[in-house]
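These are the residues of each chain, in order.
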Amino acid sequence: MVKRRLYAIDLRAVEDPVLEHLFAEKRMELDQQLTMLQRRNTPAFRYVSLLQYGPVEPDLLALANTLLEAFPPGTGRCGERLGAAAVQAEATRMLARYARRAPAFAAAETSLRSDTGPGLMVSGSSLLISTATMVPRDRLDPLLQHEISVHVLTYINGSQQGLGIFGAGLAGYEGLQEGLGVFAEFLVGGLTVARLRLLAARVVVVDAMLGGADFIQCHRLLQGKHGFSSGGAFNIVARIFRSGGLTKDAIYLRGFQQVLQRVADGGSLDPLWYGKIAEHHVPVVEELKARGMLRSPVATPEFLERPCAQARLSHLRQGHSFIDVLKDPPPC
């Protein structure tokens, strides 16, 4: 029934070819997501997921393996952990800072939830915090920069546009969104070894699964070759094999790679804050902005103003790899 309603929309009524293309892209994405729901827990789910999120490209797999080799297990650290109430208090303070700069942020809110698993997630302008959440103190700021300064901010910026699709998200927006979130963690000095290894391991397992490896083989790959604990490997593999095989977990490192490449090439980050877009939509954003169809973002991420973030950006633009910057951070 939803698909019938979806295809009952006459996109030919849109007289602008650029907008018609954006809407057609989004309709195709929604169609594929609905098909994924129809195919849950069947062998076909994996192939619809592949159509939606794509395969693991050779350069992405190479980056994942490089990270797992460059940062061996046991090189991370673990300190004091903060509970959900402390996370909510700091998130509320951050949202208040944004609201003072952009009144549109007054609609943003935080909510403690007992019906979600440990961690944080954003829905529209709401930050949902599981009551089971425990966050290492040194990970709190990077995590909130990821969730609020990227996900909430781009939703609010997109929602202020005359084209609501920029708030809801253009087709394929998730990869760049997650990449920007990881990039925010990197710029504020909070991208930990454990986090990097997790993102890399997801890519390796997605690639192995698509290559025909089963659950046990993927578990042995992480535990035996890459040094993950049995429980850690199980959690990663279980995420990817859910519903029949979900390739989405490769988009986090792919999106991060796209942002890093953009910075290394001297590209501006400015177009990425207009709303929730994919990398290939940057020229569209620039065209619509030039035609007066997009408003400037009501807010830009606060982390970009930090001296340490500027120093790391400068190093990347000078040709240093982010791995080198992580191992030898520039002075702030």
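Quick caveat, the model's predicted, so the values are computed rather than measured.

Caption draft 1: Here's a closer look at the nonpolar core. If you look at the biggest cluster of nonpolar residues, it comprises 99 residues, and the most contacted ones within it are Phe105, Phe183, Phe186 and Phe322. When residues of this core are assigned to their parent elements, the largest contribution, eleven residues, is made by helix α9 (residues 193–210). With near-sequence residues (within four places) excluded, Phe183 lies in contact with Phe256, Val259, Leu260, Val263, Leu269, Leu313 and Leu316.

Caption draft 2: How the structure looks around the environment of Leu112. Along the chain, Leu112 falls in strand β2 (residues 109–113). By relative accessible area, Leu112 is classed as partly exposed at 37%. For the pair Leu112 and Ser126, spaced 14 residues apart in sequence, the C-alpha to C-alpha distance is 10 Å.

Caption draft 3: How the structure looks around the packing of aromatic side chains. Scanning all chains against the criterion turns up seven aromatic pairs. Between Phe186 and Phe322, the ring centres sit 6.2 Å apart and the planes meet at 85°, which makes this aromatic pair edge-to-face. A residue pair is termed long-range when its members are at least 10 positions apart, and Phe186 in helix α8 (residues 173–187) and Phe322 in helix α15 (residues 322–327) qualify at 136 residues. Of the two residues, Phe186 and Phe322, neither departs from the other in class, the shared state being buried. Put simply, the rings of Phe183, Phe186, Phe256 and Phe322 touch in pairs and so form one group of aromatic residues.

Caption draft 4: Representation of the pairing of strand β4 (residues 126–130) within the structure. Buried residues dominate β4, accounting for five of its five residues. Of the two faces of β4, both are covered, the one formed by Ser126, Leu128 and Ser130 as well as the one formed by Leu127 and Ile129. Of the strand pairs in this sheet, β2 and β4 are connected by five bridges, and their pairing is parallel. Among the inter-strand pairings, Leu112 is bridged to a residue of β4, identified as Ile129.

Caption draft 5: Structural detail: helix α10 (residues 215–225). Residues of α10 that are buried include every one of Cys218, His219 and Leu222, and no others. In a view along the axis of α10, the buried residues occupy a sector of 100°, so they form one face of it. In α10, the exposed positions angled more than 90 degrees off the buried face are occupied by Arg220, Gly224 and Lys225. Those residues of α10 that are buried are in contact with α9 and α11 (230–241). Between a side-chain oxygen at the N-terminus of α10 and the backbone nitrogen of Ile216 the separation is 3.2 Å; the capping residue is Asp214. The positive-phi residue at the C-terminal boundary of α10 is Gly227, with phi of around 80°.

Criteria and thresholds
- Residues numbered from 1 in each chain as written.
- Predicted model: local features only at pLDDT ≥ 70, side-chain atom pairs only at ≥ 80, totals over all residues.
- Heavy atoms only, no water.
- Core = buried A, V, L, I, M, F, W, Y, C linked by side-chain atoms within 4.5 Å.
- Buried < 20%, exposed > 50% of the residue type's maximum accessible area, 1.4 Å probe, protein only.
- Helix = DSSP H or I, 4+ residues; strand = E, 2+ residues; numbered from the N terminus.
- Contact = heavy atoms within 4.5 Å.
- Phe/Tyr/Trp six-rings, centres within 6.5 Å; stacked < 30°, edge-to-face > 60°.
- Pairing = 2+ DSSP bridges.
- Arc of directions from axis to C-beta.
- Polar contact = N/O pair within 3.5 Å; in protein donor to acceptor, adjacent residues only side chain to side chain.

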